[in-house]
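Coordinates in review
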Amino acid sequence: MGESYAAIAAKHGKEVSSTNITERFRTCFDAAPRLAFPGATEDTVAALERDWWKNLVAKVFEPWSPFDGFDAYFAELFAYFAEPDAWTLYPEVLETLAALNERGLILDVISNFDSRLVRILDGLGAGAQFENIFVSSRVGYTKPDERIFNAALSCHGLAPRTGASRR
């Protein structure tokens with residue numbers, strides 16, 4: 001992540017080390033409001049997601065301001081991380097997902113990411129392995145809030161178990 005942020009920033013005239021960006025990103029991400037928009041309408045979520053990320057990335061770059069090319073930088077960065085090529089699956093993922101599907105398990109994704117995840121997973125060849133992809137920005141709740149898990153359970157007509165023990 002830091003390497004991508006730094007390489008794209010350099011194209012826009014801002015030289016910052018990937019290590020510094022990674023450290024700053026972790027700090028800013030942990031302090032950011034959750035990526036969830038309870039009550040948002042379907043037609044507003046994409047803009048809310050983009051604004052959320054733009055605010056976060058602006059915070060990341062505050063120590064190195066001014067960043068005159070920030071708007072163009074952010075546009076390129078946001079588009080870059082929407083592309084499957086920006087991401088890598090572990091080698092065994094597709095085989096493992098296929099094996100789990102063959103066993104008849106229900107496979108969903110529950111993520112604190114945004115709507116770009118659907119395209120990313122499809123582009124990586126994994127999207128078809130999941131029945132549903134629940135992203136916090138659209139569900140309105142982030143993990144570990146039980147409501148995002150309950151949304152997935154409800155979709156399958158399942159109820160959460162209470163008092164379950166591990167064996």
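Relevant structure appears above.
Only a predicted model underlies this, so the values are computations on that prediction, with no experimental measurement involved.

We now examine helix α6 (residues 116–123). All of the buried residues along α6 are Arg116, Leu117, Ile120 and Leu121. All buried residues of α6 lie within an arc of 130° about the axis, which places them on one face of the element. Against the buried residues of α6 lie α3 (42–60), α4 (70–80), β1 (108–111) and β2 (132–135). Once α6 ends, the next one or two residues include Gly125, with phi positive near 85°.

This brings us to unusual backbone geometry. Note the cis peptide between Ser65 and Pro66, where omega equals 5°. Summarising the element assignment, Pro66 is placed in the loop between α3 and α4. Geometrically, the link from Lys143 to Pro144 is a cis peptide bond, its omega value of 15° lying close to zero. Assignment of secondary structure puts Pro144 in the loop between α7 (136–139) and α8 (146–155).

Moving on to the packing of helix α1 (residues 2–11) against α4. The N-to-C vectors of α1 and α4 enclose an angle of 145°; their axes lie 9 Å apart at closest approach. The two elements α1 and α4 cross, and the hand of that crossing is right-handed. In contact with Ser4, Tyr5, Ile8, Ala9 and Lys11 of α1, α4 contributes Tyr73, Glu76, Leu77 and Tyr80. Split by residue class, the contact of α1 with α4 holds 6 nonpolar, 1 polar and 2 charged.

With that settled, consider the nonpolar core. Ranked by internal contacts, the top residues of the largest apolar core, which has 36 residues, are Tyr5, Trp53, Val57, Phe61 and Tyr73. Within the residue set of this core, elements represented by two or more residues are α1, α2 (18–31), α3, α4 and α6. When near neighbours in sequence (up to four residues on either side) are disregarded, Tyr73 contacts Tyr5, Ile8, Ala9, His12, Val57, Phe61 and Phe67.

Roughly 310 Å³ of internal volume is contained in the largest pocket. Lining the largest pocket are 18 residues, with Met1, Tyr5, Phe25, Trp53 and Trp87 sitting closest to its centre. When residues of the lining of the largest pocket are traced back to their parent elements, those giving at least two are α1, α2, α3 and α4. A total of 4 residues in the lining of the largest pocket trace back to one element, the largest contributor, which is α2. When grouped by side-chain class, the residues that make up the lining of the largest pocket number 13 nonpolar, 3 polar and 2 charged. As a volume, the second largest pocket reaches approximately 170 Å³. Elements represented by at least two residues in the lining of the second largest pocket include exactly α2 and α3.

Per the stated rule, a full pass over the model turns up 17 aromatic pairs. Arranged with centres 5.6 Å apart and planes meeting at 20°, the rings of Phe25 and Phe29 form a pair that is stacked. In this pair, Phe25 and Phe29 both sit in helix α2, 4 residues apart, roughly one turn of the helix. Judged by relative accessible area, Phe25 falls into the buried class, the value being 13%. Owing to a relative accessible area of 30%, Phe29 belongs among the partly exposed residues under this scheme. Ring geometry for Phe61 against Tyr73: centres 5.2 Å apart, planes inclined by 70°, an arrangement best described as edge-to-face. Placement of the pair is Phe61 in the loop between α3 and α4 and Tyr73 in helix α4, with a sequence separation of 12 residues. Exposure class is identical for Phe61 and Tyr73. Each is buried. Three or more aromatic residues joined by ring pairs make a cluster, and in this case those are Tyr5, Phe25, Phe29, Trp52, Trp53, Tyr80, Phe81, Trp87 and Phe113. Over the face of the ring belonging to Phe78 we find Arg116, whose NZ or CZ atom lies 3.9 Å from the ring centre.

Rules of the game
- Residues numbered from 1 in each chain as written.
- Predicted model: local features only at pLDDT ≥ 70, side-chain atom pairs only at ≥ 80, totals over all residues.
- Heavy atoms only, no water.
- Buried < 20%, exposed > 50% of the residue type's maximum accessible area, 1.4 Å probe, protein only.
- Helix = DSSP H or I, 4+ residues; strand = E, 2+ residues; numbered from the N terminus.
- Arc of directions from axis to C-beta.
- Contact = heavy atoms within 4.5 Å.
- Axes fitted to C-alpha atoms, helices over the stretch in contact; angles between N-to-C directions.
- Left-handed = near helix turned anticlockwise from the far one by under 90°.
- Nonpolar A, V, L, I, M, F, W, Y, C, P; charged D, E, K, R; others polar.
- Core = buried A, V, L, I, M, F, W, Y, C linked by side-chain atoms within 4.5 Å.
- 1 Å grid on protein atoms, 1.4 Å probe; cavity = no way out; pocket = protein on both sides within 12 Å on 5 of 7 lines; lining within 4 Å.
- Points joined across faces, edges and corners; volume = space filled by probe spheres on them.
- Phe/Tyr/Trp six-rings, centres within 6.5 Å; stacked < 30°, edge-to-face > 60°.
- Lys NZ or Arg CZ within 6 Å of the ring centre and 35° of its normal.

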